[in-house]
Amino acid sequence: MSRHLVVNPIACDGHGLCAELLPELVRLDDWGYPIIAPGPIPGGLEAHVRRAVKACPTLALLIREQRDGGGGRGGRGAGGGRGAGGSRR
Ligand code: SF4
């Protein structure tokens, strides 16, 4: 598992506070909305990331745990499969 910083673009108001608090991982686009650096949160920045997440006024900034490896879509083995029940006829 690794932790990634993500932003909910619907909740984000573009205050830019996160970029001020965490310039190592966040930069702003031309409209003031955050662009998060790809990849897991570096270990040395965890505390700063948590502080930025707490400071976000709209709770748009989130830490998401993600499984390492396997492409990250998490579809394998998750319920259902082919032909489980319904036929279209
Ligand atoms: S602090 Fe929150 S609302 Fe402001 S730009 Fe960052 S994610 Fe968006």
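Residues numbered from 1 in each chain as written. Predicted model: local features only at pLDDT ≥ 70, side-chain atom pairs only at ≥ 80, totals over all residues.

**Some details on the overall build of the chain**
A count of helical and extended segments in the chain gives two helices and four strands. Counting every position in the chain, which comprises 89 residues, the buried fraction comes to 13%. (Helix = DSSP H or I, 4+ residues; strand = E, 2+ residues; numbered from the N terminus. Buried ≥ 20, exposed ≤ 12 C-beta atoms within 10 Å, placed from the backbone.)

**Describing the environment of Leu 5**
Among the structural elements, Leu 5 can be located in strand β1 (residues 2–7). Under the C-beta neighbour-count criterion, Leu 5 is labelled buried, with 23 such atoms within 10 Å. Note: C-alpha distance between Leu 5 and Ile 36 (31 residues apart in sequence) is 7.0 Å. Look past the residues within four positions of Leu 5 in its chain and what remains in contact with it is Leu 25, Ile 36, Ile 41, Val 49 and Ile 63. (Contact = placed C-beta atoms within 7 Å.)

**Some remarks on the nonpolar core**
Counting residues in each nonpolar core, the largest one holds eleven residues, listed as Leu 5, Cys 18, Leu 22, Leu 25, Val 26, Ile 41, Val 49, Ala 52, Cys 56, Ala 60 and Leu 61. In contact with Ile 41, other than residues within four places in its own chain, are Arg 3, His 4, Leu 5, Glu 46 and Val 49. (Core = buried A, V, L, I, M, F, W, Y, C linked by C-beta atoms within 7 Å.)

**Points about unusual backbone geometry**
A positive phi angle, near 60°, is found at Leu 59, a position not held by glycine. Mapped onto the secondary structure, Leu 59 falls in the loop between α2 (46–55) and β4 (61–66).

**Considerations on the environment of Gly 16**
When you line up the elements, Gly 16 lands in the loop between β1 and α1 (17–21). A C-alpha to C-alpha distance of 9.7 Å links Gly 16 and Asp 29, two positions 13 residues apart in sequence. Setting aside residues up to four positions removed in sequence, Gly 16 forms contacts with Leu 28 and Gly 32.

**Let's talk about the environment of Pro 40**
Within the secondary structure, Pro 40 is located in the loop between β3 (34–36) and α2. The exposure class assigned to Pro 40 is partly exposed, which follows from the 13 C-beta atoms found within 10 Å. Along the chain, Pro 40 and Arg 3 lie 37 residues apart, while their C-alpha atoms are 5.4 Å from each other. Residues contacting Pro 40, with those up to four places away along its chain left out, are Ser 2, Arg 3 and His 4.

Everything listed here is a matter of geometry and, on its own, says nothing about what the molecule does.
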